[in-house]
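# What the coordinates show
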Amino acid sequence: MTLIRGIVEYLNERKASDIILVTTDFKNLGNIKQDSAQNLDSQIGIAILDTKIFSSSRPEKAMSTHNFATGSPRYWTATTNNFLFGMTTTIRQQDILAVLEGLVPRTRDIALIGHDFKHDLHILQLLKFDLHTSIVRILDTQKIALEVLPDNSSTLGDILQALRCPVENLDTAGNDANFTSRALLLLAEKGYTHSPVSTGNQDTLASIRAIAQVAVSRQLSHPQNKERQKKIKRQQRSRVHQSK
């Protein structure tokens, strides 16, 4: 349990105020690998947990989650309908790297996280994402789950179910990034509590549990979402009319 103990203890140390947990997830990896000028359908999800506000903020405010989509308006509509933590933002395929780098603060220590991460890491390398500056750890929740839950399936959904984490709408990039972050926190808590817990780490474990167990609340009724969907439907109707 050395790795799991290290995560909890690192969060509890004074220097933990300098670390940010950044979780990424990509959908339609094959499309992202293609010529970016084609602007094919894909999704990029990113969840950011700033340990500087780890214990001081309300659990539901501790993590920010983003979902980006490239490609067609119809694809954007589908992803927005499934994204649980806000509105999906449309970007061009050629802007994926700039969007990612814009959200990752290189002035802070970064733990980069993913589930079955080798495929996403390959995409990050192809995008020429900087995997060195400020990144102090790369963590794969699938590998960690093999240590903490050896008899459990390695899929993200099964791991979350075993950890009794509220979950829905997996396979949307932003959702998967958020729930992968929660899985990491709960795996850290479960693995660490297999051993005697020091008094100094009890507050950290309580914060981990509170953030990971926040109820999933849809934000799909946001006025910007509705207006954006109306705009896309108008554009689609216009294209049909023009084709006729």
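As shown above, the structure is provided for reference.
The following paragraphs examine the structure supplied in this document. (Residues numbered from 1 in each chain as written. Predicted model: local features only at pLDDT ≥ 70, side-chain atom pairs only at ≥ 80, totals over all residues. Heavy atoms only, no water.)

Here the structure, examined in full by the defined rule, presents two aromatic pairs. Consider the rings of Phe-83 and Phe-85, whose centres lie 6.1 Å apart with planes at 70°: the pair is edge-to-face. In this pair, the class of Phe-83 matches that of Phe-85, namely buried. Taken together, a centroid distance of 6.0 Å and an interplanar angle of 65° make the contact between Phe-85 and Phe-179 edge-to-face. In this pair, Phe-85 sits in the loop between α3 (73-82) and β4 (89-90) while Phe-179 sits in helix α8 (residues 173-192), placing the two residues 94 residues apart along the sequence. Like Phe-179, Phe-85 is buried. These aromatic residues form a ring-pair network of at least three members: Phe-83, Phe-85 and Phe-179. The positively charged end of Arg-106 is found above the aromatic ring belonging to Phe-129, 4.9 Å away from the centroid. (Phe/Tyr/Trp six-rings, centres within 6.5 Å; stacked < 30°, edge-to-face > 60°. Buried < 20%, exposed > 50% of the residue type's maximum accessible area, 1.4 Å probe, protein only. Helix = DSSP H or I, 4+ residues; strand = E, 2+ residues; numbered from the N terminus. Lys NZ or Arg CZ within 6 Å of the ring centre and 35° of its normal.)

Once that is clear, we can look at the pattern of salt bridges. One pass over the full model with this rule turns up eight salt bridges. Across the salt bridge formed by Lys-27 and Asp-176, the nearest N and O atoms sit 2.7 Å from each other. Here Asp-176 lies in helix α8 and Lys-27 lies in strand β1 (residues 19-27), a separation of 149 residues in the sequence. When sorted by exposure, Lys-27 lands in the same class as Asp-176, which is buried. Between Lys-118 and Asp-116 there is a salt bridge, and its shortest N-O distance comes to 2.7 Å. By relative accessible area, Lys-118 is classed as exposed at 52%. Among the ionic contacts, a cluster of salt bridges with common partners joins Asp-25, Lys-27 and Asp-176. (Salt bridge = Lys/Arg side-chain N within 4 Å of Asp/Glu carboxyl O.)

This part is about the nonpolar core. Counting 32 residues, the largest nonpolar core has Leu-21, Leu-49, Leu-185 and Leu-187 as its most contacted members. Among the elements of the structure, β1, β2 (42-50), β5 (109-114), α6 (141-148), α7 (156-162), α8 and α9 (199-212) are those that each provide at least two residues to this core. With seven residues, α8 is the largest single contributor of residues to this core. With 22 residues, the next largest nonpolar core counts Ile-44, Leu-100, Leu-124 and Leu-127 among its residues. (Core = buried A, V, L, I, M, F, W, Y, C linked by side-chain atoms within 4.5 Å.)

This part covers unusual backbone geometry. Positive phi outside glycine occurs at Asn-39, with the angle close to 50°. Along the chain, Asn-39 falls in the loop between α2 (29-33) and β2. Unusually for a residue other than glycine, Arg-164 sits at a positive phi of about 60°. Secondary-structure assignment places Arg-164 in the loop between α7 and α8. Judged by relative accessible area, Arg-164 falls into the exposed class, the value being 73%.

One open sheet holds the six strands; their spatial order is β4-β3-β2-β1-β5-β6, and the pairing between them is mixed. Both outer strands of the open sheet, β4 and β6 (135-140), are each paired with one neighbouring strand and no more. Where β1 and β2 come together, eight bridges link them in antiparallel fashion. Each bridged residue has a counterpart across the sheet, and for Asp-25 the counterpart in β2 is Gly-45. Running at roughly 95° to β1, helix α5 (residues 118-126) makes contact with β1, β5 and β6 of the sheet. (Pairing = 2+ DSSP bridges. Contact = heavy atoms within 4.5 Å. Axes fitted to C-alpha atoms, helices over the stretch in contact; angles between N-to-C directions.)

A separate point is the side chain of Gln-43. Position of Gln-43 among the secondary structure elements: in strand β2. With relative accessibility at 5%, the residue Gln-43 sits in the buried group. Among the polar contacts made by the side chain of Gln-43, one reaches the side chain of Tyr-75 at a distance of 3.1 Å. Other than its neighbours up to four places away in sequence, Gln-43 contacts Asp-25, Phe-26, Lys-27, Ile-32, Asn-67, Phe-68, Tyr-75, Thr-79, Asp-171, Thr-172 and Ala-173. (Polar contact = N/O pair within 3.5 Å; in protein donor to acceptor, adjacent residues only side chain to side chain.)

With that out of the way, let us pick up the side chain of Thr-172. By secondary structure assignment, the location of Thr-172 is in the loop between α7 and α8. Excluding residues within four positions of it along the chain, Thr-172 makes contact with Lys-27, Gln-43, Asn-67, Thr-79, Asn-82 and Phe-83.

Moving on to the pairing of β5. For β5, a buried count of five out of six residues is recorded, marking the element as mostly surrounded by other parts of the structure. Pairing geometry for β1 and β5, over five bridges, is parallel. Along β5, the bridge assignment pairs Leu-21 with Ala-111. As judged from the five bridges shared by β5 and β6, these two strands associate in the parallel manner. Considered in β6, the bridge of Ile-110 is made with Ile-135. Regarding topology, α5 serves as the crossover connection from β5 to the parallel β6, and that connection is right-handed. (Right-handed = clockwise from strand over helix to strand, strands pointing away.)

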